[in-house]
Amino acid sequence: MGAAGLLFRIVVARWSHGSNDINIWNGFAELIESHHGLAWLYDNKADFNHPPLIALFVTAVHKLAHKTGWRFDFLFKLPQIAADTLAGVLVYRTWRARGSVIASGAFALFCWNPASFLVSAHHGNTDPTVAALSLLAAFLIDRRRAFAGGLALAAAINVKLIPVLLIPVFLASLATRREAIRFIGALLLGALPFAPYVLFHWAGFRPHVLAYKSYAGPWGITSLLDFLGQAKNFVGLARKLTEFWTKRGSTVVLLVPVVLAVANWRRERAWSARELGAIVYLAFLVLTPGFGVQYVVYPIPLLFAADFRRAVACSASTGLFILIAYYATWTETRPYFSNFYPGFPVASKVFGHLAWLILAFTAIRMLQRPGAGPRPVFGKRPLPSA
C-alpha cells in the first residue's frame, strides 16, 4: 500500500507543472548553463539563495531534459520522490523493532501523507530532499554512527541551509568526544563546496544566501499580526510588532536549537536525535518570520520516525492547508500550475492558521514527553536507544 503512494506521486508529477518555484529553478539553470555560470548568479541575482552543489545538480537535470525531450519539471520532481522513498524506508526501519505490522503501517501512512505527497509530486522545490536527509542524519546518530550522520546532515545543508538548525541538537545527542569530533569533521567536509564562493564571491554570497529572508506568506505569527492589523485600532500596534518580528524572529529561531541542546544535556531522560530534529523543525515552522508553503514537509519524516500518531495530525492539517493553497491559486491550465504571485485567498489563510496551531501544540507536547534514554553527557553515558 505504501509503495502505491510513492508510485502515484510519479503519476501526479506527470500531470502537474508545479508552482512558481519550478519556473524559478528553470531560470536559474538556464543562467548557469549559459555563459553566466554559478559565480555570476551569486554576485548578481538577489533571489538566488541556494547552496552550490544543488544548483549544479539542477543544472544537470536541465541539460538532461534538453537531451531527452522530457519536461524539466517532471525530471526535477523525480529526485524529490526518491527522497520521500528513502524517508519511508527509514520510517519503516525505525519502527521495525516494534513489529512488522506497526512498521508497515507507519510506512504506508508516511507514503500517503498529503503534505509530503503534494510537495514532492507537485510543488517543484528541493525541500523533500532536505527533510529525508535530515531524518537519515538523525537515524544514523541514534545508532552511534556519528561520522555518517554528520555527512548526511552536511548533504542536507548542501541542498538548503535550513538544516544548520539541527547541528546543536544533534551534537547534544552524541555520547563521546570522539563521536563529536567525527560529527564535526563530517560537517567540515560538507562545507568544502561552499569555500570558493565564500572566499571569492562573499559580496554576493552573504546578502543573497546567508541573509536571505523568505516572504511571510499566509502563515504563523506574521500572518496573525497581519490579521490583527485589519482592525482599525490595532493598525499601529500590528505594524510595530510585525517590524520587530521580521527583524528579530530569525534570531529566536536560531536560539531554539541551542536551548534544546542544553536542555537535552541536563535532562535525566534525553530525547533521541529524531525527536530533537522533529522539535527543532516544528519550532522553526511555528516561529519563522518567513515562509514558503513547501516548508511544511521539514518535520514530517522525523515526526513519523518519532511519533507517527502526532505525525498523522500534523501532516493531515498542513496537507489540507497546502492543498487549498495549490488549488486556490491554480491557473486552470494543464499540466497543473499554481501561481502564488497574486496572493493567497482568505480560505487558505484560515486553514494555515489551524495547521500552525496544531504544529505548535505538537511541539509543546513533544517537549513535555520523557526522552528515550539516559542523557548523553560526553564520555559518561550512552546514547538513547533507537
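Residues numbered from 1 in each chain as written. Predicted model: local features only at pLDDT ≥ 70, side-chain atom pairs only at ≥ 80, totals over all residues. Heavy atoms only, no water.

Trainee: Explain the overall build of the chain to me, using residue names and the numbers behind them.
Mentor: Helix and strand counts for the chain stand at 19 helices and 4 strands. Relative to the globule expectation of 21 Å for 386 residues, the C-alpha radius of gyration of the chain, 20 Å, shows essentially globular dimensions. Considered along the principal axes of its C-alpha atoms, the chain spans approximately 55 × 55 × 50 Å. By residue count, 53% of the 386 residues in the chain fall in the buried class. In the chain, the share of contacts with a sequence separation of at least 24, taken over all contacts with a separation of at least 6, comes to 76%. Just so you have it, the chain exposes about 17000 Å², and 66% of that area is on carbon and sulfur atoms. Charge centroids of the chain, computed over 37 positive and 16 negative side chains, lie 10 Å from each other. (Helix = DSSP H or I, 4+ residues; strand = E, 2+ residues; numbered from the N terminus. Rg over C-alpha atoms; globule rule 2.2 N^0.38 Å. Buried < 20%, exposed > 50% of the residue type's maximum accessible area, 1.4 Å probe, protein only. Contact = heavy atoms within 4.5 Å. Areas by Shrake-Rupley, 256 points an atom, 1.4 Å probe, with all protein chains shown as cover. Lys, Arg positive; Asp, Glu negative; His and termini not counted. Charge placed at Lys NZ, Arg CZ, Asp CG, Glu CD.)

Trainee: Give a detailed account of the environment of proline 51, specifying residues and quantitative values.
Mentor: Within the fold, proline 51 resides in the loop between helix H3 (37-44) and helix H4 (52-68). Residues proline 51 and proline 193 lie 142 residues apart in sequence; the distance between their C-alpha atoms is 8.3 Å.

Trainee: So, the side chain of threonine 288: which residues are in play, and what are the values?
Mentor: By the secondary structure assignment, threonine 288 is in the loop between helix H16 (273-287) and helix H17 (300-306). Separated by 2.5 Å, the side chain of threonine 288 and the backbone oxygen of glycine 290 make a polar contact. Setting aside residues no more than four positions away along its own chain, threonine 288 makes contact with Trp219, Trp245, Val253 and Ala283. (Polar contact = N/O pair within 3.5 Å; in protein donor to acceptor, adjacent residues only side chain to side chain.)

Trainee: An account of helix H15 (residues 235-266) is needed here, citing residue identities and associated values.
Mentor: The terminal C-alpha atoms of H15 lie 43 Å apart, and with 32 residues this matches the ideal 46 Å at 1.5 Å per residue to within 8%. Helix geometry: H15 is bent most strongly at arginine 248, by close to 45 degrees. Inspection of H15 places Ala238, Trp245, Gly249, Val253, Val256, Pro257, Leu260, Ala261 and Asn264 among the buried residues, and these make up the whole buried set. Considering only its buried residues, H15 is in contact with helix H10 (167-171), helix H14 (220-228), strand E2 (269-270), H16 and helix H19 (346-368). (Expected span 1.5 Å × (residues − 1). Bend = angle between axes of the 7 residues up to and from the residue.)

Trainee: Summarise the packing of helix H2 (residues 20-33) against H3; cite the residues concerned and give the values.
Mentor: The packing of two helices is summarised by the inter-axis angle and the distance between the axes. One way to put it is that H2 packs onto H3 with a least axis distance of 7 Å and a crossing angle of 125 degrees. On the basis of the axis angle, H2 is oblique to H3. Read as a crossing pair, H2 and H3 show a hand that is right-handed. The segment H2 lies against H3, with Phe28, Leu31 and Ile32 engaging Gly37, Leu38, Trp40 and Leu41. Of the residues belonging to the contact of H2 with H3, the class tally is 6 nonpolar, 1 polar and no charged. (Axes fitted to C-alpha atoms, helices over the stretch in contact; angles between N-to-C directions. Parallel < 35°, antiparallel > 145°, perpendicular 65-115°, else oblique. Left-handed = near helix turned anticlockwise from the far one by under 90°. Nonpolar A, V, L, I, M, F, W, Y, C, P; charged D, E, K, R; others polar.)

Trainee: Provide a residue-level description of the environment of tyrosine 295, including the pertinent values.
Mentor: Along the polypeptide, tyrosine 295 turns up in the loop between H16 and H17. Assessed through its relative accessible area of 7%, tyrosine 295 is described here as buried. Along the chain, tyrosine 295 and alanine 131 lie 164 residues apart, while their C-alpha atoms are 9.3 Å from each other. Those residues in contact with tyrosine 295 that sit more than four places away from it in its chain are Asp127, Lys160, Ile162, Ser214, Phe284, Leu285 and Gly290.

Trainee: So, a nonpolar patch on the surface: which residues are in play, and what are the values?
Mentor: On the surface, a cluster of nonpolar side chains totalling about 640 Å² of accessible area is made up of Met1, Phe8, Val11, Trp15, Trp112 and Tyr336. Structurally, tryptophan 15 can be placed in helix H1 (residues 2-15). Its relative accessible area of 49% is what places tryptophan 15 among the partly exposed residues. (Patch = residues over 30% accessible without salt bridge, like charges linked within 9 Å, V, L, I, M, F, W, Y side chains within 5 Å. Salt bridge = Lys/Arg side-chain N within 4 Å of Asp/Glu carboxyl O.)

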